[in-house]
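# Structure assessment
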Amino acid sequence: MHLLHTHAAAKLKRPSTNGGEGRWHSLLPCVLLLLLYKIFLHARVPLSRSSNPTNYWLHQPRSILLLSCNAFHSPGHFLRLQGRDSYKLNILASVTSADILPDEAVGKAQLPKGDTWSIHKFGGTCVGNSERIQNVANIIVKDESERKLVVVSAMSKVTDMMYDLIYKAQSRDDSYVIALEAVLQKHKLTAVDLLEGDELANFLVRLHDDINNLKAMLRAIHIAGHATESFSDFVVGHGELWSAQLLSAVVRKSGVECTFMDTRDVLIVNPTSSNQVDPDYLESGRRLEKWYSQNLAKTVVATGFIASTPQNIPTTLKRDGSDFSAAIMGALFKARQVTIWTDVDGVYSADPRKVSEAVILKQLSYQEAWEMSYFGANVLHPRTIIPVMKYDIPIVIRNIFNLAAPGTVICRPADFEFEDCHRVDSPVKGFATIDNLALVNVEGTGMAGVPGTASDIFSAVKDVGANVIMISQASSEHSVCFAVPEKEVKAVAAALEIRFRQALDAGRLSQIAVIPSCSILAAVGQKMASTPGVSATLFNALAKANINVRAIAQGCSEYNITVVLKREDCIKALRAVHSRFYLSRTTISMGIIGPGLIGGTLLDQLRDQAAVLKEKFNIDLRVMGIAGSRTMLLSDTGIDLSIWRDLQKDKVDIQKFVQHVHGNDFIPNTVIVDCTADSYVASHYHDWLCRGIHVITPNKKANSGPLDQYLKLRTLQRQSYTHYFYEATVGAGLPIISTLQGLLETGDKILRIEGIFSGTLSYIFNNFVGARAFSEVVKEAKEAGFTEPDPRDDLSGMDVARKVIILARESGLNLELSDIPVQSLVPEPLKDSASPELFLQELSQFNVDWAKQRQEAEDAGEVLRYVGVVDVVNQKGTVELRRYKKEHPFAQLSGSDNIIAFSTQRYAKQPLIVRGPGAGAEVTAGGVFSDILRLASYLGAPS
């Protein structure tokens, strides 16, 4: 060894005949040998693989030679060591070989396998500081499994810090020394917080040895200006070594016998050409048996992420390799379960950062988890699932910061116990997206029927090392399109242009087009394979959100449907499809216009009933906006209806209001409920229906307005899939409109509709009896809240006329409001009274006239009733005060009841009568609420 040191030093002193880089290259092999020798001297520990993981390299002469040669990409440097140089190198090999991998016989103790073992894996955030490491130790101690193996990642951010060390060193940035000191201090302070006595002392000795060795190795990298993958893997793997050593010591401190495992002694993997590794399960199993025979413990803390090659060279399982380590260990032990501890409650149905309505999935099949992982969902690395599938070992994803959450179980479908919430009958389990993609489209008539075209395309893509995410080909073979990462698309397009130059020039291919700024949206679910209509539902949701699909792919397994979209549409699309499958088709975004007496009462009814509707009928009614005449209130998730009157409101803007209510792409349906009596608001109905917004209203202005506008509105309603309900425009909460429509739809023919349509006037004439004065009864009705603020609006008869014209038009008569003769009950001299109060005072002047009419009716055995008539046979309508015999149904009313008689071909001898309360905020709001529920039923809610 001394001879090697002397020789290397002598080589350093020799002048070089080369200049610049040449001098560096001639000196570097010897510099590295010298540095490695210094590492060897500094370690001062027995040459045993288990004594100190960082000395592992010193016991592997083949590894040293391999790293030295690879580091400089010039094995010839070592070939120059002729004669004594070569001999001295062999001396080093022979000395270390005698102490590496002693050929010890495997102990008699057999490794127990099976359900007695549970595997736990804790990620970097779980062991991010001393408090979290202690928390992990507590979980391990409380686990009642007979045997447990715990796989840990490096402390949070440490892996990145280790990669940064390598980057700085090979960039010849001297700050790597300071960065390494930061790594030392992070682990030293954590150990001081957690450990004491011999455990602390032993850990700190190992930590300082490792840091000193790393310092020497990084110095070599700094001199060389380059680090091989093997060197990088060795340096980076120290984070797992330290966290596992710390955790095992903390578990022992809790009184549980615990052994540390350096998984480089057990896991053997073969690197592949695709920057991955393939586990050698047979050899790993042999080494595990040997390791266990020497470490008989029921609790083992093992390093994640790191492993060895068959040549005993340390390597890693690449990024996210700790999950992979846990799965491999689960397979080697044939464990009962593998639990992946993380910082989320489980696997979500979609990225919760993009979809606030995403739910935790209680269960996933291996295939579903695999698909979602591939398409970017933060579930598991796809390869993690492979080892456990063979033995049907379930993987459980749990949140270390929320132990009460049950997490997500990934297992075979046959093991599922389907939950009874969140639409478990939905064939789609989850949605995932991949951003920053480009679509490449190769098309031309010369492709059809020509063997090998697709092979040539993807061979060219492979040659530039690009990753194809998705492929779609038309059955006509006219075009092939595929998605690749956007950063790789230029190289792919250039390679295809070169490969197909002749075909392009000859016209056999028409173009190689690149569509940038794309994203992929994937819907995943094993039940999709057996459920018709999934694709239709998916694309219907995208269409309703006004999103264009650029390409589609579906595997024959039918476990996923993949679509390519514009990148700017991706989140909108994700919310739209998620809501369609998870929020149910009866989640409705509502905008309430007119929070007055009727609108305010409706909001109170919604508040009281919303929870019941959601729980029992899966109807989710969300009021996203409330607009009055001057102010409005908006919410992105739904207004709290228990406090809406007290919330801060903005100045009303009807266009902004509608855009907000309809702009929530995560809610599949929108309805505007107009509780005003305003003609301006009613004039917007046609536009709202055109935009796919349902409309519900008690406002009579639209259906009793100009005939051409009414006909245009009804034509649109019949031609579209958008609903327009207006039951409360006639008879408040009574089913008058629906009864009339039902008669017509079933083929009956309307002859005559006659009724008392005004609850106000019904109350007045029901109470205008005996010696009571007419003005007194009108005043009483106003005080009871039955009239409009100005009673003349009721007494004029125009409200009844509007209801008559609505029913006439529903019956097929094309009448204008002006075609209806109306008998006003407002005395001509009082039409221009200055105020409602003055009107009521002056009305008493006409009490004598009213008393005379009442007496005449009584003398004839009749009563006075204010009615509206639709005479379909003669195509006319009237509104007037009539007299009816006391035996007539119209004479039997009380309070503010309405009554409507339908005379039809089926009901010619005895009219069909609908009777009930026809006035008041409660019943009118109830009628509107009934229309809302009817809309929900039409949209798919259970009836």
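Relevant structure appears above.
Attention in this report is confined to the structure presented alongside it. (Residues numbered from 1 in each chain as written. Predicted model: local features only at pLDDT ≥ 70, side-chain atom pairs only at ≥ 80, totals over all residues. Heavy atoms only, no water.)

### Observations regarding the overall build of the chain
For the record, the criterion: To qualify as a helix, a DSSP run of H or I must reach at least 4 residues; to qualify as a strand, a run of E must reach at least 2; elements of each kind are numbered from the N terminus. Any residue under 20% of the maximum accessible area for its type is buried, any over 50% is exposed, and the rest in between are partly exposed; the area is computed with a 1.4 Å probe on protein chains only. With residues, only the protein chains shown are counted as cover, and all accessible areas are computed by Shrake-Rupley using a 1.4 Å probe.
From N to C terminus, the chain includes 33 helices and 30 strands. Burial statistics for the chain: of 943 residues in total, 54% are counted as buried. Only carbon and sulfur atoms are counted for the fraction: they give 51% of the accessible area of the chain, which is about 41200 Å².

### Examining the packing of aromatic side chains
Here is the rule: Whether two aromatic rings pair depends on their centres lying within 6.5 Å, for rings of Phe, Tyr and Trp, where Trp uses its six-membered ring; planes under 30 degrees apart make the pair stacked, over 60 edge-to-face, and the rest tilted. Remark: a charge is flagged as sitting over a ring if the NZ atom of Lys or the CZ atom of Arg is within 6 Å of the ring centre and within 35 degrees of the ring normal.
All told, the structure shown has 16 aromatic pairs when counted by the stated rule. Their ring planes at 45° and their centres at 6.1 Å tell us that Phe765 and Phe774 sit as a pair that is tilted. One exposure class covers both Phe765 and Phe774, and it is buried. Connected via pairs of aromatic rings, a cluster forms that spans Tyr685, Trp688, Tyr724 and Tyr726. Here the guanidinium or amino end of Arg809 rests over the ring plane of Tyr710, the centre of that ring lying 5.2 Å away. Note that Arg854 overlies the ring of Phe768, its terminal NZ or CZ placed 4.4 Å from the centroid.

### Some details on the side chain of Asp620
This is how it is decided: Pairing of N or O atoms within 3.5 Å defines a polar contact, subject to two protein rules: one partner must be a possible hydrogen donor and the other a possible acceptor, and residues neighboring in sequence count only if both atoms are side-chain atoms. What makes two residues a contact is simply this: any of their non-hydrogen atoms within 4.5 Å.
Its location among the elements puts Asp620 in strand S20 (residues 620–627). A distance of 2.9 Å separates the side chain of Asp620 from the side chain of Arg622, its partner in a polar contact. The contact partners of Asp620, leaving out residues within four places of it in the chain, are Thr586, Thr587, Ile588 and Lys614.

### Overview of the environment of Phe122
Tracing the backbone through its elements, the reader meets Phe122 in strand S1 (residues 117–122). For Phe122, a relative accessible area of 0% corresponds to the buried category.

### Section: helix H30 (residues 798–810)
Formally: A helix is expected to span 1.5 Å for every residue after the first.
In a regular helix each residue adds 1.5 Å, so 13 residues correspond to 18 Å; H30 covers 18 Å between its end C-alpha atoms and thus fits that length. The element H30 is extensively covered by neighbouring structure, given that 10 of its 13 residues are classed as buried. Looking at H30, one finds that the buried residues are Val800, Ala801, Lys803, Val804, Ile805, Ile806, Leu807, Ala808, Arg809 and Glu810. For H30, the elements touching its buried residues are helix H25 (707–719), helix H26 (736–745), strand S26 (750–756), helix H27 (759–767), strand S27 (862–871) and strand S28 (876–885).

### Re helix H7 (residues 158–170)
In this model H7 runs 19 Å from its N-terminal to its C-terminal C-alpha over 13 residues, within 8% of the 18 Å that 1.5 Å per residue would give. Those residues of H7 not exposed but buried are Val158, Thr159, Met162, Leu165, Ile166, Lys168 and Ala169. Phi for Arg172, located one or two positions after H7, is positive at around 60°.

### Notes on the nonpolar core
Stated precisely, the cut-off is as follows: The criterion is simple. A nonpolar core is a set of buried Ala, Val, Leu, Ile, Met, Phe, Trp, Tyr and Cys residues joined through side-chain atoms within 4.5 Å.
Grouped together as the largest cluster of nonpolar side chains are 72 residues, with contacts concentrated most on Trp688 and Phe765. Phe765 has contacts with Phe774, Leu825, Trp850, Leu864, Arg865, Tyr866 and Leu881, leaving out every residue within four places of it along the chain. Counting residues in each nonpolar core, the second largest holds 66 residues, with Leu267, Ala302, Ala307 and Ala541 among its members.

### Some details on the pattern of salt bridges
Just so we agree on the cut-off: Within this document, salt bridges are pairs made up of a side-chain nitrogen of Lys or Arg and a carboxyl oxygen of Asp or Glu, the two lying within 4 Å of each other.
Under the defined criterion, the tally for this structure stands at 40 salt bridges. The closest approach of N and O atoms between Arg607 and Asp608, which form a salt bridge, is 2.9 Å. On the accessibility criterion, Asp608 (51% relative accessible area) is exposed. The network of salt bridges with common partners includes Glu357, Lys614, Asp620 and Arg622.

### Focus on the sheet that holds strand S25 (residues 724–725)
This is how it is decided: Whether two strands pair comes down to DSSP finding at least two bridges between them. Inter-axis angles, ranging from 0 to 180 degrees, are taken between N-to-C directions of lines fitted to C-alpha atoms, where helices are fitted over the stretch in contact.
Judged by pairing direction, the sheet is mixed, and its 7 strands sit side by side in the order S22-S21-S20-S19-S23-S24-S25 without closing on themselves. Every other strand in the sheet has two partners, leaving strand S22 (650–651) and S25 as the edge strands with one partner each. Sheet topology places strand S24 (residues 694–696) next to S25; 2 bridges connect them, and they run parallel. Paired with Val695 across the bridge in S25 is Tyr724. Contacts between helix H33 (residues 921–938) and the sheet are confined to strand S19 (587–593), S20, strand S23 (669–674), S24 and S25, with S24 contributing the most and set at about 155° to the helix.

### Focus on the environment of Ala358
Here Ala358 lies in the loop between strand S9 (337–342) and strand S10 (363–365). Spatially, the C-alpha atom of Ala358 lies 9.1 Å from that of Arg575, the residues being 217 residues apart in sequence. Not counting residues within four places of it along the chain, the set of residues in contact with Ala358 comprises Tyr348, Ser349, Ala350, Pro352 and His578.

### Examining the side chain of Asp790
Residue placement: Asp790 occurs in the loop between helix H28 (774–783) and helix H29 (792–795). The exposure class assigned to Asp790 is buried, which follows from its relative accessible area of 17%. Among the polar contacts made by the side chain of Asp790, one reaches the side chain of Arg792 at a distance of 2.9 Å.

### Some words on the packing of helix H9 (residues 197–224) against helix H11 (residues 238–253)
We apply this condition: Each angle is binned into one of four classes, with values under 35 degrees roughly parallel, values over 145 roughly antiparallel, values of 65 to 115 roughly perpendicular, and all other values oblique.
Running from amino to carboxyl end, H9 crosses H11 at an angle of 175°, the nearest separation of the two axes being 11 Å. Judged by the angle between their axes, H9 and H11 are roughly antiparallel. Counting all contacts with H9, which are made through Glu199, Phe203, Arg206, Leu207, Asp210, Ile211 and Leu214, the residues of H11 involved are His238, Trp242, Gln245, Leu246, Ala249 and Arg252.

### Topic: the pairing of strand S15 (residues 479–485)
Consecutive side chains of a regular strand alternate in pointing toward one face of the sheet and then the other. The buried fraction of S15 is high, at 7 of 7 residues. Where strand S13 (residues 430–443) and S15 come together, 7 bridges link them in antiparallel fashion. Bridge pairing links Val440 to Phe482 in S15. As paired strands, strand S14 (residues 470–473) and S15 are joined by 4 bridges and run antiparallel to one another. When the sheet's bridge partners are listed, Ser472 is paired in S15 with Cys481.

### Remarks on the pairing of S23
Across the 6 residues of S23, 6 count as buried, placing the element largely inside the fold. Burial along S23 is two-sided: the residues Asn669, Val671 and Val673 and Thr670, Ile672 and Asp674 are all buried. As defined by bridge partners, S19 adjoins S23 across 6 bridges and the pair is classed as parallel. Its bridge partner being in S23, Met590 is matched across the sheet by Val671.

### Quick look at the sheet that holds S28
As summarised here, the arrangement of the 5 strands in space is S28-S27-S26-S29-S30, forming an open sheet in which the pairing is antiparallel. The open sheet is flanked by S28 and strand S30 (912–917), the only strands paired with a single partner. Recorded for the sheet is a direction-independent mean angle of 20° between the axes of neighbouring strands. With 6 bridges connecting them, strand S29 (residues 897–904) and S30 associate as antiparallel partners. Following the sheet pairing, Asn898 is matched in S30 by Gly916. Set on the sheet, helix H32 (residues 847–859) makes contact with S27 and S28; between it and S27 the angle comes to about 90°.

### Some details on the packing of helix H6 (residues 130–142) against H11
Put simply, the rule is: Two helices that cross are described as forming a left-handed crossing if the nearer one is turned anticlockwise from the farther one by less than a right angle, and a right-handed crossing if clockwise. Amino acids outside the nonpolar list (Ala, Val, Leu, Ile, Met, Phe, Trp, Tyr, Cys, Pro) and the charged list (Asp, Glu, Lys, Arg) are all regarded as polar, and Gly is one of them.
As a packed pair, H6 and H11 sit with axes 9 Å apart at the nearest point and diverge in direction by 55°. Considering the angle they form, H6 stands oblique to H11. Regarding H6 and H11, the two cross each other, and that crossing is right-handed. Across the interface between the two elements, Ile133, Gln134, Val136, Ala137 and Ile140 of H6 pack against Leu246, Leu247, Val250 and Val251 of H11. Residue classes in the contact of H6 with H11 are distributed as 8 nonpolar, 1 polar and no charged.

### Here we look at unusual backbone geometry
Excluding glycine, a negative phi dihedral is what most residues carry, and trans is how most peptide bonds are arranged. For Arg172, which is not glycine, the phi dihedral falls at a positive 60°. Relative to the helices and strands, Arg172 is located in the loop between H7 and helix H8 (176–194).

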